[in-house]
Amino acid sequence: MLKAARELGIVFFPAFDWAISPTHPERQERLLYTLDQLKEEGVFDIPGIREYKPEVAGEVDVDRVHFCFPETSGVVSPSHLVSAGGAIRAGRLFMEKKAAKAFAMVRPPGHHAMKCVHGARGFCNINIEAVMIERLREEYGPLRVAVVDTDCHHGDGTQDIYWNDPDTLFISLHQDGRTLYPGTGFAHELGGPGALGATVNVPLPPGTSDEGFLYVAEHLIRPLLDDFKPDLVVNSAGQDNHFSDPITDMAFSAQGYARLTEIVNADLAVLEGGYSIQGALPYVNLGIVLSMAGLDYSHVREPGFEPSRVRQGSAVTDYIKRQCVDIRKLAKNPPPRQRSGEMVGEWFVRRKTLYYDTDHITEYQTESVLVCPDCPGVLKIESESSRTPLCLGVQIPIRACPRCRSEGARIFDEGAKSGRYAVSRLIDRVGKRYLRV
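Keep in mind the model is a prediction, meaning the values are calculated, not measured.

It is not clear to me how the overall build of the chain should be interpreted in this structure. Could you clarify?
The helix and strand inventory of the chain stands at 11 helices and 17 strands. Compactness check: the chain gives a C-alpha radius of gyration of 21 Å against a globular reference of 22 Å for 437 residues, within 12% of the reference. Seen through its C-alpha atoms, the chain measures out along the principal axes to roughly 65 × 45 × 40 Å. Considering the chain as a whole, with its 437 residues, one finds that 62% of them fall into the buried category. Excluding contacts between residues fewer than 6 apart, the proportion of contacts in the chain whose partners are at least 24 apart in sequence is 73%. Here the chain displays about 16600 Å² of accessible surface, and carbon together with sulfur accounts for 50% of that area. For the chain, the separation between the mean place of its 49 positive charges and that of its 57 negative charges on side chains is 4 Å.

Help me out: how do you make sense of the packing of helix H3 (residues 78–95) against helix H4 (residues 128–140) in this one?
Interhelical geometry of H3 versus H4 gives an angle of 45° and a closest axis separation of 8 Å. Overall, the two elements H3 and H4 adopt an arrangement that is oblique. At the point where H3 passes H4, the crossing takes the right-handed sense. Of the residues in H4, those touching H3 at Ser83, Ala84, Ala87, Ile88, Gly91, Arg92 and Met95 are Ile128, Val131, Met132, Arg135, Leu136, Glu139 and Tyr140.

Quick question: what am I supposed to make of the pattern of salt bridges here?
Side chains bearing opposite charge may pair, as long as their charged atoms lie close to each other. Enumeration according to the criterion identifies 33 salt bridges in this entry. Here arginine 429 and glutamate 134 are joined by a salt bridge, their closest N and O atoms 2.7 Å apart. One end of the pair, arginine 429, is in the loop between strand S16 (423–428) and strand S17 (433–436); the other, glutamate 134, is in helix H4, with 295 residues separating them in the sequence. Arginine 429 sits in the buried class, given a relative accessible area of 8%. A residue is classified by how much of its surface remains accessible, and glutamate 134, at 7% relative accessible area, is buried. Of the charged contacts, one joins arginine 137 and aspartate 165 as a salt bridge, the two residues approaching to 3.3 Å between their closest N and O atoms. Residue arginine 137 is located in helix H4, and its partner aspartate 165 is located in the loop between helix H5 (156–161) and strand S7 (168–175); the two are separated by 28 residues in the primary sequence. With respect to class, arginine 137 is no different from aspartate 165; both count as buried.

Basis of the calculations
- Residues numbered from 1 in each chain as written.
- Predicted model: local features only at pLDDT ≥ 70, side-chain atom pairs only at ≥ 80, totals over all residues.
- Heavy atoms only, no water.
- Helix = DSSP H or I, 4+ residues; strand = E, 2+ residues; numbered from the N terminus.
- Rg over C-alpha atoms; globule rule 2.2 N^0.38 Å.
- Buried < 20%, exposed > 50% of the residue type's maximum accessible area, 1.4 Å probe, protein only.
- Contact = heavy atoms within 4.5 Å.
- Areas by Shrake-Rupley, 256 points an atom, 1.4 Å probe, with all protein chains shown as cover.
- Lys, Arg positive; Asp, Glu negative; His and termini not counted.
- Charge placed at Lys NZ, Arg CZ, Asp CG, Glu CD.
- Axes fitted to C-alpha atoms, helices over the stretch in contact; angles between N-to-C directions.
- Parallel < 35°, antiparallel > 145°, perpendicular 65-115°, else oblique.
- Left-handed = near helix turned anticlockwise from the far one by under 90°.
- Salt bridge = Lys/Arg side-chain N within 4 Å of Asp/Glu carboxyl O.

This is the structure in structure tokens:
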């Protein structure tokens, strides 16, 4: 008789009708080989594990999170809306207690999509985790959320979206940005002035193996989660830290991923990267599924795994241990003076130049947040790109105080009437207004 699992919902969507190109590493086979492996292992015959169909997100779900320029429909395809809807379905399964945990095994991925979107960055158009989180907050009320991003590439989009949100803890462990796209995710990146310490980055040296990842999980991630006490923990489950991945330089194993999943103990997992389509993803996903279901994963082995060949050196181990100590101190006592921007009156201003490597777009952006003692503050973004003239985005946050509600509405109305901007967009989380002018 099969041992019953912890109730686990798996939402599956391989996006047959979407690909960057037929041979691009981000393609449908990433999920099809995994599904074959799960069926071959009899995973769906285990009591407690069920497969669910995704929902379809609406444009309003995207507009709740992103300023899409010049328009939302020009940025997202139907597959992006189903992928985000798959994450939403997983979130609803958990919130409505239909599953103890849920895994959105969907594509296209999303964690490189930032607050402003002009096109695709790092294979990502919209941030499916953020779309899911904000839909859950809209439907189920205020939630303290922790996002643990275990993709090999820094989750720069998720960081950007939640940079000024003290109610969202974002933790990213990734290959050091000096050696890999997108070149960000350093320890000094700690969040905006009203959310300092709610962004935590753990850049790891190339060659980090199970020992290093699991040390970070046990000695840094787990204590940070325990201190934050989130209502919901989301794992951006990128699998390109695997030793066989063709576009990264790490040495993690399927067993390591399963153990990491157990330590982090996320309520939801959402698939991100991972491009060793046959040699890693079927086995890593199997390990994650078994771990989330509370089942034995000790038999999971990928082809070609020899621990002695991928073991990290002692210098890497010592470096990671020192990193954990230093990063914990930074997160608990962040320096008040930030390196990412400057105060201009009551506003904290960051200027950014971003390159959309997938769509070959360059964006020039000025982000300003009103530093408010009573709420996260109004967000104002002026953005133009090589495809779109100057645009305006204004966000009134969920917990906006009366002053910030009034100031946000004023900035949007004046901007929309000024004729200065090609497009003006408003995200009003208090009034639930998502406008485009």
